[in-house]
Amino acid sequence: MRIEGHTIPHDDKLKTNGEDGYFILHANNATYLCVFDGVGGWAKQEVNVKDFVNEMIENCKISIRKGHLNPEIIIEDALNHASLAGSVTVIMAIIQEKEMKIYQIGDSGMVISNNNRIIFETDEQQHSFNFPYQIGKNGSGGFHGDSPNEGLFYRIQMTKGDTIILGSDGLFDNLNNSDIMNNDESAKELCREAYRNSKQKIRTVPFYQRAYNEGVINHLKQGGKEDDITAIIVYN
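J.: Summarise the packing of aromatic side chains; cite the residues concerned and give the values.
T.: Tallying each qualifying case throughout the model produces 3 aromatic pairs. Here Phe-120 and Tyr-154 contribute two aromatic rings whose centre-to-centre distance is 5.3 Å and whose plane-to-plane angle is 80°, an arrangement assigned as edge-to-face. Here Phe-120 is found in strand β7 (residues 117–121), whereas its partner Tyr-154 is found in strand β12 (residues 152–157), with 34 residues between them in sequence. Like Phe-120, the residue Tyr-154 is buried in the burial classification. Measuring from centroid to centroid gives 5.2 Å for Phe-129 and Phe-207, while their planes differ by 45°, and the two rings are tilted. Pair noted here: Phe-129 is in the loop between β8 (126–128) and β9 (131–132) and Phe-207 is in helix α6 (residues 206–213), with a separation of 78 residues, a long-range link. Here the two residues Phe-129 and Phe-207 agree in accessibility, since each one is buried. Members of the aromatic cluster, connected to one another through ring pairs, are Phe-129, Phe-207 and Tyr-208. Just above the ring of Tyr-235 sits the side chain of Arg-2; from NZ or CZ to the centre is 4.0 Å.

Quick look at the structure:
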């Protein structure tokens, strides 16, 4: 099994390396994978949500070292011990032998392909268009957003030849499933392709296709959706 991770920040967020974050950790005879997407709206309150993302990553690692093998418990434990303000969407997976446990809250997601076809994909978890479920803390230390218990849980049996991709919405907003399968030779190249699509002005990307389908816009907009872009790829 080979695993890669990569992030490309939004052009306007290069100083903080964007508001996404991820980790890959081998512990407890398992492999832990997680992508956090910091909710950008906190900037209006002069909060650097990347600090919250980094705190959640470190808290997750502490929780994992306690021996936890349930992704929801790890995320909830990390959130309970967070002291900074901010909120995130999450996609987390724990691989143990041939089984993968997946936890998702919000519009960060996962796609699994095998033999040039998609065999599994998560659904976006949204209150309304572009308003994803999210978990976080407010400035006074109280909880913000949704409860970790509202996340989605999946259990998957892995097979030889699976390519597993975890990503922030910046990845899936700019690449459809065909794009993903055609550019999954490395996490860096997959992120680069999503970045190129986010900058172009000719094609309609999945974000605007969904907006049109849901009646948010009345005509298909051409061009990409600029955002932080993060991907973890597992080659089984």
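J.: For the pairing of strand β13 (residues 163–167), give the residues involved together with the corresponding values.
T.: Counting buried positions along β13 gives 5 out of 5 residues, so the element sits mostly inside the fold. Of the two faces of β13, the one holding Thr-163, Ile-165 and Gly-167 and the one holding Ile-164 and Leu-166 are both buried throughout. Where strand β6 (residues 109–114) meets β13, 5 bridges bridge the pair, whose relative direction is antiparallel. Bridge assignment links Met-110 to a residue of β13, and that residue is Leu-166. For β13 and strand β14 (residues 229–235), the ladder comprises 5 bridges, and the chain directions are antiparallel. Among the inter-strand pairings, Gly-167 is bridged to a residue of β14, identified as Ala-231.

J.: Got a sec to walk through the side chain of Thr-122? Specific residues and values, please.
T.: Structurally, the position occupied by Thr-122 is in the loop between β7 and β8. At 3.0 Å, the side chain of Thr-122 forms a polar contact with the backbone nitrogen of Met-110. Beyond its immediate stretch of four places on either side in the chain, Thr-122 contacts Ile-91, Gln-104, Gly-109, Met-110 and Tyr-154.

J.: Run through the side chain of Gln-104, naming residues and quoting values.
T.: The topology assignment puts Gln-104 in strand β5 (residues 99–105). Of note is the side chain of Gln-104, whose polar atom sits 3.1 Å from the backbone oxygen of Ser-108. Separated by 2.8 Å, the side chain of Gln-104 and the backbone oxygen of Asp-123 make a polar contact. Excluding residues that lie within four positions of it along the chain, Gln-104 makes contacts with Val-90, Ile-91, Gly-109, Thr-122, Asp-123, Glu-124, Gln-125, Gly-151, Leu-152 and Tyr-154.

J.: Describe the pattern of salt bridges, and please don't skip the residues or the numbers.
T.: Using the criterion set out here, one finds 12 salt bridges in the structure. Glu-4 is paired through a salt bridge with Arg-2; the nearest N and O atoms lie 2.5 Å apart. Judged by its relative accessible area of 42%, Arg-2 falls in the partly exposed class. A salt bridge links Lys-199 to Glu-226; the shortest N-O distance between them is 3.2 Å. With Lys-199 in helix α5 (residues 187–199) and Glu-226 in the loop between α6 and β14, the pair connects residues that are 27 residues apart, well separated along the chain. We classify Glu-226 as partly exposed; its relative accessible area is 32%. In the salt-bridge network here, residues are joined through shared partners; they are Asp-11, Lys-199 and Glu-226.

What counts and what doesn't
Residues numbered from 1 in each chain as written. Predicted model: local features only at pLDDT ≥ 70, side-chain atom pairs only at ≥ 80, totals over all residues. Heavy atoms only, no water. Phe/Tyr/Trp six-rings, centres within 6.5 Å; stacked < 30°, edge-to-face > 60°. Helix = DSSP H or I, 4+ residues; strand = E, 2+ residues; numbered from the N terminus. Buried < 20%, exposed > 50% of the residue type's maximum accessible area, 1.4 Å probe, protein only. Lys NZ or Arg CZ within 6 Å of the ring centre and 35° of its normal. Pairing = 2+ DSSP bridges. Polar contact = N/O pair within 3.5 Å; in protein donor to acceptor, adjacent residues only side chain to side chain. Contact = heavy atoms within 4.5 Å. Salt bridge = Lys/Arg side-chain N within 4 Å of Asp/Glu carboxyl O.

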